[in-house]
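Now for the letters of each chain:
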Amino acid sequence: MENKKDIGTFLKSKLEQAQKVPNESLWEKINTSLEKKERRRKRTFWVLFPAILGLGIFIFLIFQQTNNGFLDEKEKISIEEIERDLDRKMVIENATERSVSKEKNGMETQTEIE
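The model shown is predicted, which means the values in this text are computed figures rather than measured ones.

Colleague: Got a minute to help me understand the overall build of the chain in this structure?
Modeller: Secondary structure assignment for the chain yields two helices and zero strands. Sorting the 114 residues of the chain into buried and exposed places 0% on the buried side.

Right, here's the structure in full:
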């Protein structure tokens, strides 16, 4: 067992000694590539955000205009139906008035005959 512990500590010490630090030019390349990626992300955000916002406003306006059109047509239909109903009532009232007046005239003529 002692031998295994010694091997473990031996390997650990060797690995700690074997760690290499990259040179400065490599770090500079890594930093510049990270900065480019960050700039791309920012640019993408500032291009996509207004585009998505504009598209949302466009869809909202079309939806509102379409809804207003539907409401106008529904209102037109309801107004037309009301007018038709009023016309029907007028026709019915006229017909009943005529029939009532005919009945009155008929009764008057019958009473005259008697």
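The rest of the description comes next.
Colleague: Got a minute to help me understand the packing of aromatic side chains in this structure?
Modeller: Centre-to-centre distance and the angle between the planes together describe a pair of aromatic rings. Under the definition given, this model contains two aromatic pairs. Where Phe45 meets Trp46, the ring centres are 5.1 Å apart and the plane angle is 75 degrees; that geometry is what we call edge-to-face. Ring geometry for Phe45 against Phe49: centres 5.5 Å apart, planes inclined by 20 degrees, an arrangement best described as stacked. Taken together, the residues Phe45 and Phe49, both in helix α2 (residues 24–113) and four residues apart, mark about one turn of the helix. A network of ring pairs unites the aromatic residues Phe45, Trp46 and Phe49 as a single cluster.

Colleague: What am I meant to see in the pattern of salt bridges here?
Modeller: Where charged atoms from two side chains of opposite charge approach closely, those side chains can pair. By the definition in use, this model includes one salt bridge. Note that Asp85 is salt-bridged to Arg88, the shortest N-O span being 3.6 Å. Separated by three residues within a single helix, Asp85 and Arg88 lie in helix α2, roughly one turn from each other. Classification of Asp85 by relative accessible area gives partly exposed; the value is 39%.

Colleague: Looking at this structure, I do not really get a positive patch on the surface. What am I missing?
Modeller: Among the surface-exposed residues, Lys36, Lys37, Arg40, Arg41 and Arg43 lie close enough to one another that they form a single positively charged patch. Within the secondary structure, Lys37 is located in helix α2.

Rules behind the numbers
Residues numbered from 1 in each chain as written. Predicted model: local features only at pLDDT ≥ 70, side-chain atom pairs only at ≥ 80, totals over all residues. Heavy atoms only, no water. Helix = DSSP H or I, 4+ residues; strand = E, 2+ residues; numbered from the N terminus. Buried < 20%, exposed > 50% of the residue type's maximum accessible area, 1.4 Å probe, protein only. Phe/Tyr/Trp six-rings, centres within 6.5 Å; stacked < 30°, edge-to-face > 60°. Salt bridge = Lys/Arg side-chain N within 4 Å of Asp/Glu carboxyl O. Patch = residues over 30% accessible without salt bridge, like charges linked within 9 Å, V, L, I, M, F, W, Y side chains within 5 Å. Areas by Shrake-Rupley, 256 points an atom, 1.4 Å probe, with all protein chains shown as cover. Lys, Arg positive; Asp, Glu negative; His and termini not counted. Charge placed at Lys NZ, Arg CZ, Asp CG, Glu CD.

Function cannot be read off these values alone, since they describe shape.
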